[in-house]
Amino acid sequence: DAMRIDFATWSDELNATFSAPSSPPPGHRLMPYHNRLPIIHTLSGQHPENTMLYRFRADPPTTTLQRLKGLTTGQLPTFIDAGSNFAGSAIDEDNWLQALRRPNTGATGGKRPRNLVFLGDDTWSSLFPRELSDTQEAEQNSTLWSEGSGGWARVRPFPSLNVWDLDTVDDGVFSRLPFFLLPSESDEHAMSPQAAADVRAKRAKWRELVRQQEMLAHPDFGASSQANMSSSPMASTAVGLEQLHRDWDVIIAHGLGVDHCGHRYGPDHPAISAKLAQTNEAIELIVDAVGRSDKATALYVFGDHGMDPKGDHGGDSPREVDAALWVYSNKVWNTKEGKERSSRVLEQASTLVKNEPLGAALDDDLKDGWWLNTHLSDDYRQLLEPSKLRSIPQIDL
């Protein structure tokens, strides 16, 4: 939540400027939210054909509920909708969550609903009460659910409205992701000693990310939460821990720590640096799990909106609408040929748009598909050159 584009970008020039013997330059200091997600920069350098960072332009109003509506339906909410940000009603419009969870009755027929995991901000539950309905209880009753015909769902929403709480939602997400990203402890017996030790080390790193360790006393983790998840109540008689790890199709994880840091302190505070560092560690662990998977898997890390210099959002100022989207896959997709083809298409489209009477009214990034990261240069009073990024609108997700 509130992952602004300049929170995700990396600047070697910034590092060099502030690590020089004479740094920091007079009248400047390093902002606490810059260069805090190095995993994005590292993977972009190591695996450029597997990853891409975009400026992900939100449409106002930049309130979370309205942005979720736009992201899931592809429609544009209005400012009248913003009044319902804290009391959302179920979405009836066609959306991709609905498509995931309904049986396929088309020409191919007989395809089960997708296995879905949701962790995080409870705003989703108010918008999608049917799609985000946990099936664990129904799985215990064979008359309601049978493996193979009904896709399972694990849904764990956490309260989102206390903006002074930086950790509860994030801890709820980080504490439960290992159930789905790591092999169960019963599977470890079939691994080599080294592989099993590596899985245990990853599980320990996930636990270290949880700031409120009392979160691990939740019934989801069973009686011995710190060490043994093999008898976790997250599983059922029909869907065991092995299936939770192996058979999920989509995981949605919505953290709130960055957004709440903005509301409580503003972005220019050390708390946001710590929260972004925690996020970076989580992304590293997710990327590791995706990289080890034998099935084609894509990871999308994105913000629903940004935040203004005070940490607020809801309007249409540049820093409120400029979110980040980072895509990583364990399969090659962002090839050199594809990039060249995209550039040609964008250039041709830009020429056509500029020649249209209404073209002059469009923003440059909509005409060209590119955006200059002026937030970075503005923060340091033009000390740095703005970098250039591809730009896409959120409704295209």
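Residues numbered from 1 in each chain as written. Predicted model: local features only at pLDDT ≥ 70, side-chain atom pairs only at ≥ 80, totals over all residues. Heavy atoms only, no water.

Participant: Teacher, can you tell me more about the sheet that holds strand 4 (residues 250-254) here?
Facilitator: Within a sheet, neighbouring strands are paired by backbone hydrogen bonds and run either parallel or antiparallel to one another. Spatial strand order, 3-2-4: 3 strands in an open sheet with parallel pairing. Of all strands in the sheet, those with a lone pairing partner are strand 3 (153-158) and strand 4, marking the two edges. Strand after strand, the sheet turns through a mean of 0° between neighbouring axes, direction not considered. With 6 bridges connecting them, strand 2 (residues 116-121) and strand 3 associate as parallel partners. Residue pairing across strands places leucine 116 opposite alanine 153, the latter belonging to strand 3. (Pairing = 2+ DSSP bridges. Helix = DSSP H or I, 4+ residues; strand = E, 2+ residues; numbered from the N terminus. Axes fitted to C-alpha atoms, helices over the stretch in contact; angles between N-to-C directions.)

Participant: Hey, could you run me through the packing of aromatic side chains in this one?
Facilitator: Any aromatic ring pair is given by two values, namely how distant the centres are and how the planes are angled relative to each other. One pass over the structure, following the stated rule, counts 10 aromatic pairs. Relative to phenylalanine 302, the ring of phenylalanine 56 has its centre 5.7 Å away and its plane inclined at 75°; by these criteria the two rings are edge-to-face. Residue phenylalanine 56 is located in strand 1 (residues 51-57), and its partner phenylalanine 302 is located in strand 5 (residues 298-302); the two are separated by 246 residues in the primary sequence. Overall, phenylalanine 56 belongs to the buried group, its relative accessible area being 0%. When the centroid spacing of 6.0 Å and the interplanar angle of 20° are considered together, the rings of tryptophan 326 and tyrosine 328 count as stacked. The residues tryptophan 326 and tyrosine 328 share a single accessibility class, namely buried. In textbook terms, an aromatic cluster arises when at least three aromatic residues are bridged by ring pairs, as seen for Trp96, Phe118, Trp124 and Phe128. The ring of tryptophan 248 has lysine 295 sitting right over it, with the charged end atom 4.7 Å from the ring centre. We note lysine 388 situated over the ring of tryptophan 370; from NZ or CZ to the ring centre the distance is 5.3 Å. (Phe/Tyr/Trp six-rings, centres within 6.5 Å; stacked < 30°, edge-to-face > 60°. Buried < 20%, exposed > 50% of the residue type's maximum accessible area, 1.4 Å probe, protein only. Lys NZ or Arg CZ within 6 Å of the ring centre and 35° of its normal.)

Participant: Mind showing me how you'd approach the environment of arginine 29 here?
Facilitator: Locating arginine 29 in the fold gives a position in the loop between helix 2 (12-19) and helix 3 (38-46). Accessibility expressed as a relative area gives 44% for arginine 29, which makes it partly exposed. Along the chain, arginine 29 and aspartate 379 lie 350 residues apart, while their C-alpha atoms are 9.5 Å from each other. Those residues within four positions of arginine 29 in sequence are excluded, and the remaining contacts are Phe18, Asp268 and Tyr380. (Contact = heavy atoms within 4.5 Å.)

Participant: I tried to follow the layout of surface pockets on my own but got confused; where do I start?
Facilitator: Unfilled space is identified by rolling a water-sized probe across the atoms. Estimates place the volume of the largest pocket at around 1200 Å³. For the largest pocket, the lining is made up of 41 residues, of which Ile251, Ile252, Ala253, Leu299 and Tyr300 are closest to its centre. Put simply, the parts of the chain that give the lining of the largest pocket at least two residues each are helix 4 (64-73), helix 5 (96-101), helix 8 (168-181), strand 4, helix 12 (257-265), helix 13 (270-292) and strand 5. With 6 residues, helix 13 is the largest single contributor of residues to the lining of the largest pocket. Per-class residue counts for the lining of the largest pocket are 28 nonpolar, 7 polar and 6 charged. (1 Å grid on protein atoms, 1.4 Å probe; cavity = no way out; pocket = protein on both sides within 12 Å on 5 of 7 lines; lining within 4 Å. Points joined across faces, edges and corners; volume = space filled by probe spheres on them. Nonpolar A, V, L, I, M, F, W, Y, C, P; charged D, E, K, R; others polar.)

Participant: Sorry, what's going on with helix 8 here?
Facilitator: Three- or four-residue spacings in an α-helix give side chains the same orientation, since the helix completes a turn every 3.6 residues. The terminal C-alpha atoms of helix 8 lie 20 Å apart, and with 14 residues this matches the ideal 20 Å at 1.5 Å per residue to within 8%. Most of helix 8 is tucked away: 14 of the 14 residues are buried. (Expected span 1.5 Å × (residues − 1).)

Participant: Any chance you could explain the pairing of strand 8 (residues 388-393) here in plain terms?
Facilitator: Side-chain positions along a regular strand alternate between the two faces of the sheet. As defined by bridge partners, strand 1 adjoins strand 8 across 4 bridges and the pair is classed as parallel. Within the sheet, the bridge partner assigned to arginine 55 lies in strand 8 and is serine 391. The sheet contact formed by strand 7 (residues 370-372) and strand 8 spans 3 bridges and is antiparallel. Looking across to strand 8, one finds that tryptophan 371 is bridged to leucine 389.

Participant: For this particular structure, what's the right way to read the packing of helix 8 against helix 13?
Facilitator: Helix packing for two helices is described by the angle between their axes and how far apart those axes are. Running from amino to carboxyl end, helix 8 crosses helix 13 at an angle of 10°, the nearest separation of the two axes being 11 Å. Classed by the angle they form, the pair helix 8 and helix 13 counts as roughly parallel. Taking contact as the criterion, the partners of Asp170, Asp171, Phe174, Leu177 and Leu181 in helix 8 are, on helix 13, Lys275, Gln278, Ala282, Ile286 and Ala289. For the contact of helix 8 with helix 13, a count of residues per class yields 6 nonpolar, 1 polar and 3 charged. (Parallel < 35°, antiparallel > 145°, perpendicular 65-115°, else oblique.)

Participant: Even after reading the chapter, I still don't get the side chain of lysine 275, so can you show me in this structure?
Facilitator: Relative to the helices and strands, lysine 275 is located in helix 13. Side chain to side chain, lysine 275 and glutamine 278 meet in a polar contact 2.7 Å long. (Polar contact = N/O pair within 3.5 Å; in protein donor to acceptor, adjacent residues only side chain to side chain.)

Participant: What's the story with the sheet that holds strand 6 (residues 322-329) in this structure? I'm lost.
Facilitator: Read from one edge to the other, the open sheet built from 5 strands follows the order 5-6-1-8-7, with strand pairing classed as mixed. At either margin of the open sheet sits one strand with a lone partner, and together these are strand 5 and strand 7. Between one strand axis and the next, the sheet turns through 40° on average, direction left out of account. Where strand 1 meets strand 6, 7 bridges bridge the pair, whose relative direction is antiparallel. Opposite tyrosine 54, over in strand 6, you have leucine 325 as the bridge partner. In the packing of helix 13 onto the sheet, the strands contacted are strand 5 and strand 6, and the crossing angle to strand 6 comes to about 30°.

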